[in-house]
Amino acid sequence: MDKLISLCKRRGFIYQGSEIYGGLNGTWDYGPLGVELKRNIQQAWWKSMVGSHANIVGLDAAILMHPTVWKASGHVDNFSDPMVDCKACKQRFRADKIDPSAIANKKCPNCEGELTDPRQFNLMFKTHMGPVADADDSAVYLRPETAQGIFVNFKNVVDTTRQSVPFGIAQVGKAFRNEITTKNFIFRTAEFEQMEMQYFVKPGTDLAELEAWKTKRLNYYHQNLGILPENLRFHQHGKDELAHYAVDAYDIEYHYPFGWEELEGLHDRSDFDLRQHQEFSGKKLHYQDPITNEKYLPYVIETSAGLTRSVLITLMDAYEEQTLTMNEDGTIGDHRVVMHFHPNIAPIMAGIFPLMKKEGLDTIAQELTQELRDVFNVEYDASGAIGRRYRRMDEIGTPYCITVDHQTKEDNTVTLRFRDSMEQVRISKNDLVHHILKFNREYQRKP
Ligand code: GAP
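Residues numbered from 1 in each chain as written. Predicted model: local features only at pLDDT ≥ 70, side-chain atom pairs only at ≥ 80, totals over all residues. Heavy atoms only, no water.

An unreviewed UniProt entry annotates the protein chain as Glycine--tRNA ligase of Entomospira culicis. Annotation of the protein chain in UniProt includes, under Subcellular location (unreviewed entry), the sentence "Cytoplasm". (UniProt positions renumbered as here; feature names shortened; annotations may be inferred.)

Right under this line is the structure:
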């Protein structure tokens, strides 16, 4: 993990938030490569939901919502973690995440000072809208999940599209939680992004739909993001783990360096949210079947993935330190750090190098870079030995390196080197786009 965090900083994936002021806990900033990776993951998700399903449509709802939304959704009353404070060192802990004996003996795990009794701590950030900051009726919340924007727009979407149940609404956006413990890099942060899809189904079909979405979502991580299957598993929530809105729930868990933890939540939310919003808003949210005229409140199967958490798992899953040759005395010779990103999500698709900066090779390579820029993110690099240029691209997970050499001037071909196998092929310069798209389609991550 430390090596990954250092690589992320050094190569411009992720920086500590407000770093020059000493940082702000639980916040991280995405640098030039990180922002490309995050955007590519978001696009892969969007394509797998909205692009691949005629019955899933998109939405982009406001972060700030009417305060009654959060009363209706149950978040004001139920969205809390138990916390204890140390009276001596003032550190705050989640009561359910520290050794139960520390709670029983009221002994701080940090300094052995006295702990307070556990208290419920609401995770929503509260702020004020309008000029009077302390007026009670001006209080609004930063949304702790994007889902509620979808529920309150359910009727709008039904009335303005030709969708009929079962259908889904997908959304990507920021969510905020005043987490008591933010650690493990970008795993749990105060500000994060979610990619949520609420699938509205006829009551009674929800269990089968949940099963179908479990399969689809697990496959997405293997096939679209290239995550190794052995690092993913399901965990079904026990009765005491279920969120206040869920009747059944599964987490897709990832094998992080700090253990198996949640990556995505799949929930059967029954008609809980629509029923609550119907009651609190006084607006009818029933769906009427256009064929049978039957009226009902749909049940909701939710797939709730963390975008920033997906960035973390793609970084961790991709990272490998490889020994390429051994010295005669048994010590490590040539070695590299390589990120095995799926080409769908790699921040840069190809590095383009002139073998040398003279004899016109650099001009050809620069022109090629400009041509390919229309289709892919590409980077021109002419500095240092070719081997070092390969290593720099391997370390940021660039799937292909293209070298312009003397033969290019004779027959218009270049070498294309594959990141994972380090094999090279000679290809006509004019066919590069076609070949790269084909290689991407055929890409298989090797364990
Ligand atoms: N709408 C349902 C919902 O929000 P959740 O299990 O609380 O369910 C869904 O969150 C996903 O959002 C998690 O699986 C995780 O990927 C991401 N997530 C939740 N809290 C997070 C945090 N503090 N930092 C980063 N990601 C978080």
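Caption draft 1: Seen up close, the pairing of strand 22 (residues 413-418). For strand 22, the buried fraction is high: 6 of the 6 residues fall into the buried class. The alternating pattern of strand 22 places Thr413, Thr415 and Arg417 on one face and Val414, Leu416 and Phe418 on the opposite face, and all of these are buried. Two strands pair when backbone bridges link them, and strand 21 (residues 400-404) and strand 22 are joined in this way by 4 bridges, in the antiparallel orientation. The residue of strand 22 that forms the bridge with tyrosine 400 is phenylalanine 418. Across 5 bridges, strand 22 lies against strand 23 (residues 424-428) in antiparallel orientation. If you follow threonine 415 over to strand 23, its bridge partner there is arginine 426. (Buried < 20%, exposed > 50% of the residue type's maximum accessible area, 1.4 Å probe, protein only. Helix = DSSP H or I, 4+ residues; strand = E, 2+ residues; numbered from the N terminus. Pairing = 2+ DSSP bridges.)

Caption draft 2: Examining the sheet that holds strand 6 (residues 119-122) more closely. On the basis of which strands lie adjacent, the open sheet formed by 3 strands has the order 5-4-6 and antiparallel pairing. Unpaired on one side and paired on the other, strand 5 (92-94) and strand 6 mark the two borders of the sheet. Averaged over all adjacent pairs, the angle separating strand axes in this sheet is 50°, with direction ignored. As paired strands, strand 4 (residues 80-85) and strand 5 are joined by 3 bridges and run antiparallel to one another. Bridge pairing links valine 84 to phenylalanine 93 in strand 5. (Axes fitted to C-alpha atoms, helices over the stretch in contact; angles between N-to-C directions.)

Caption draft 3: Structural view of the domain arrangement of the protein chain. If you check the domain split of the protein chain, you get domain 1 (2-73 + 126-315), domain 2 (80-122) and domain 3 (348-442). Between domain 1 and domain 2, the contact holds 5 residues from the first and 7 residues from the second. Here domain 1 meets domain 2 over a buried area of about 510 Å², counting both sides, of which 60% is carbon and sulfur. If you sort the residues of domain 1 by the area they bury against domain 2, Asn178, Ile180 and Thr181 come out on top, with a joint share of 78%. Taken together, the connections running from domain 1 to domain 2 amount to 0 salt bridges. The tally of links from domain 1 across to domain 2 stands at 0 residue pairs in polar contact (both at pLDDT 80 or more). Here the side of domain 1 that touches domain 2 is composed, by residue class, of 1 nonpolar, 2 polar and 2 charged. (Domains from an automatic or database assignment. Contact = heavy atoms within 4.5 Å. Buried area = accessible area lost by both parts, 1.4 Å probe. Salt bridge = Lys/Arg side-chain N within 4 Å of Asp/Glu carboxyl O. Polar contact = N/O pair within 3.5 Å; in protein donor to acceptor, adjacent residues only side chain to side chain. Nonpolar A, V, L, I, M, F, W, Y, C, P; charged D, E, K, R; others polar.)

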